[in-house]
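Residues per chain, in single letters:
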Amino acid sequence: MSIRTLKIGPLTLKNNLILAPMAGITNSPYRQIAMNAGAALTYSEMISANGLIRDGKRTIELLQRSECERPFGVQLFGDDPAVMSEATRIASDYGELIDLNMGCPVKKVVRSGAGSALMKEPTKAAQIIRGMRKATRLPLTVKFRSGWTVAEMNYRQIARICEEEGADAIILHPRTRCQGFGGHSNWDHIGELKQLTTLPVIGSGDIKCPQDALAMLTITECDGVMIGRGSYGNPWLFHDIQQLAQGQVPEPVSPGQRLKVALLHLQLYEGYYGERKTLLDMRKHLCWYSRGLTGATEFRAQINRCPDLNAMKSCVFDFFSTEESAPSCP
Ligand SMILES: Cc1cc2nc3c(=O)[nH]c(=O)nc-3n(C[C@H](O)[C@H](O)[C@H](O)COP(=O)(O)O)c2cc1C
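As the structure is a prediction and not an experimental result, all values here were calculated from the model. (Residues numbered from 1 in each chain as written. Predicted model: local features only at pLDDT ≥ 70, side-chain atom pairs only at ≥ 80, totals over all residues. Heavy atoms only, no water.)

Aromatic rings in a pair are described by how distant their centres are and how their planes are angled relative to each other. Evaluation of the coordinates by the stated rule reveals seven aromatic pairs. Ring centres of Trp236 and Tyr289 lie 6.1 Å apart, and the angle between their planes is 70°; on these two criteria the pair is classed as edge-to-face. Taken as a pair, Trp236 in the loop between strand 11 (224–227) and helix 10 (237–245) and Tyr289 in helix 11 (residues 255–290) lie far apart in primary sequence, 53 residues in all. Exposure class is identical for Trp236 and Tyr289. Each is buried. Ring geometry for Tyr269 versus Tyr273: centroids 4.9 Å apart, planes at 50°, classification tilted. Of the two residues, Tyr269 and Tyr273 both sit in helix 11, four residues apart, roughly one turn of that helix. Residue classification places Tyr269 among the buried residues on the basis of a relative accessible area of 1%. (Phe/Tyr/Trp six-rings, centres within 6.5 Å; stacked < 30°, edge-to-face > 60°. Helix = DSSP H or I, 4+ residues; strand = E, 2+ residues; numbered from the N terminus. Buried < 20%, exposed > 50% of the residue type's maximum accessible area, 1.4 Å probe, protein only.)

Here you go:
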């Protein structure tokens, strides 16, 4: 069926379900949980090529991964071809795949000419991809959007450039830069690229449940799917998609499973970042784990008041081990 191994250059993935890069979210603990749940590939948060070549401590921290995060893709953003080549060379020691970010819509990034702003400069984009290709033997992917605005949709042109310059796969998030993350992603664009290029095409956008993933694979005939926000508090999505593809109805996640994964996430986070950052950052993740469960509103309020990690852990334990926290709606 539509779940199968995926070849990206010399790398063969065990399946075609990929965790999307998400700045501020997909750090090592998040990626480890996604890999455990069945994702075949994860990406770093976007890494500044400038920061990397200057050996910034924070940049190098973003590249750390555990042994279970294999294969791991390092995503770079930047606008200077020489800097991007050098950053690619350095990043190649930290992962099994390199990706060029040509989709980020954030003002600070596009003002510097990077992210989705590169789509407005196809000649420079080509030069960057060419340089990155020369700088690494690792598989190279390029992630881009449909274009800058509806009037400037040049995803077909960018796909051709990727093919000509030696990329190994392309990833399309079919929204324009001006759309940000609003509205719907237009899966027709993914289908069009599949017809246009011989490169593997990975689709990204609006996969919230197993049915969405199989629908994207079937409708667009894309080679793989990338899952972003749909994995918030639901790493089981990777497993459920595979079950559904085999004709099985995915089992609802039990409170016990939820408890186990939420506690593991907390523990991994604490190991990486220490108490203070864990206490702050894990609030959102725990809220996501509680979505749709009875008593979730009160749980969220409690989590936000926890003075330390011990309090947070017992709050998690109490909430997820109660019978009432079974899903309140289908
Ligand atoms: C909080 C957040 C951070 C993101 N950061 C990145 C990033 O660093 N690099 C990137 O290529 N895309 C980034 N994205 C875009 C996602 O990778 C993905 O393409 C997009 O969210 C659409 O997929 P979804 O509907 O499954 O979330 C980010 C998205 C979100 C919501």
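Now for the domain arrangement of the protein chain. Split by domain assignment, the protein chain resolves into domain 1 (6–245) and domain 2 (255–325). Across the boundary between the two partners, domain 1 contributes 16 residues, which contact 14 residues of domain 2. Summed over both partners, the interface of domain 1 with domain 2 buries about 1300 Å², with 68% contributed by carbon and sulfur atoms. Taken as a group, Pro29, Ile33 and Trp236 account for 40% of the area that domain 1 buries against domain 2, more than any other trio of residues on that side. Where domain 1 packs against domain 2, one counts zero salt bridges. On the surface where domain 1 and domain 2 come into contact, there are four residue pairs in polar contact (both at pLDDT 80 or more). (Domains from an automatic or database assignment. Contact = heavy atoms within 4.5 Å. Buried area = accessible area lost by both parts, 1.4 Å probe. Salt bridge = Lys/Arg side-chain N within 4 Å of Asp/Glu carboxyl O. Polar contact = N/O pair within 3.5 Å; in protein donor to acceptor, adjacent residues only side chain to side chain.)

Residues Gly224 and Met226 point to one face of strand 11 and Val225 and Ile227 to the other, with burial holding for every one of them. Direction of pairing for strand 3 (residues 17–19) relative to strand 11: parallel, over a ladder of three bridges. When the bridges of strand 11 are listed, Ile18 appears paired with Met226. Where strand 10 (residues 201–204) meets strand 11, three bridges bridge the pair, whose relative direction is parallel. Along strand 11, the bridge assignment pairs Gly203 with Val225. Of the crossover connections in this fold, the one passing from strand 10 over helix 9 (residues 210–220) to the parallel strand 11 is right-handed. (Pairing = 2+ DSSP bridges. Right-handed = clockwise from strand over helix to strand, strands pointing away.)

Contacts to the ligand come from 16 residues, most closely from Pro21, Gln75, Ser204, Asp206 and Arg229. Between Asn101 and the ligand, the recorded distance is 3.4 Å, taken from a side-chain N or O atom to a nitrogen atom. Residue Asp206 places a main-chain N or O atom 2.7 Å away from an oxygen atom belonging to the ligand. Against a free-state accessible area of 610 Å², the protein chains account for coverage of 89% of the ligand. (Near = heavy atom within 4 Å. Areas by Shrake-Rupley, 256 points an atom, 1.4 Å probe, with all protein chains shown as cover.)

Under the definition given, this model contains 17 salt bridges. Salt bridges here are not isolated pairs; linked through shared partners, they connect Arg65, Glu67, Arg70 and Glu96.

Right, let's get into the environment of Trp236. Residue classification places Trp236 among the buried positions, given a relative accessible area of 10%. Sequence separation between Trp236 and Lys260 is 24 residues; the distance between their C-alpha atoms is 12 Å. Contact partners of Trp236, with chain neighbours within four places excluded, come to Ala37, Val253, Gln257, Arg258, Val261 and Tyr289.

What follows covers helix 13 (residues 309–320). Since there are 3.6 residues in each turn of an α-helix, residues three or four apart along the chain are aligned in direction. With twelve residues, helix 13 extends 16 Å between its outermost C-alpha atoms, agreeing within 8% with the 16 Å of an ideal straight helix rising 1.5 Å per residue. Of all the residues in helix 13, the buried ones are Leu309, Met312, Cys315, Val316, Phe319 and Phe320. One side of helix 13 carries all its buried residues, which in axial view fall inside an arc of 120°. Contact partners of the buried residues in helix 13: helix 11 and helix 12 (296–305). For helix 13, the N-terminal cap is Asp308; the gap from its side-chain oxygen to the backbone nitrogen of Asn310 is 3.2 Å. (Expected span 1.5 Å × (residues − 1). Arc of directions from axis to C-beta.)

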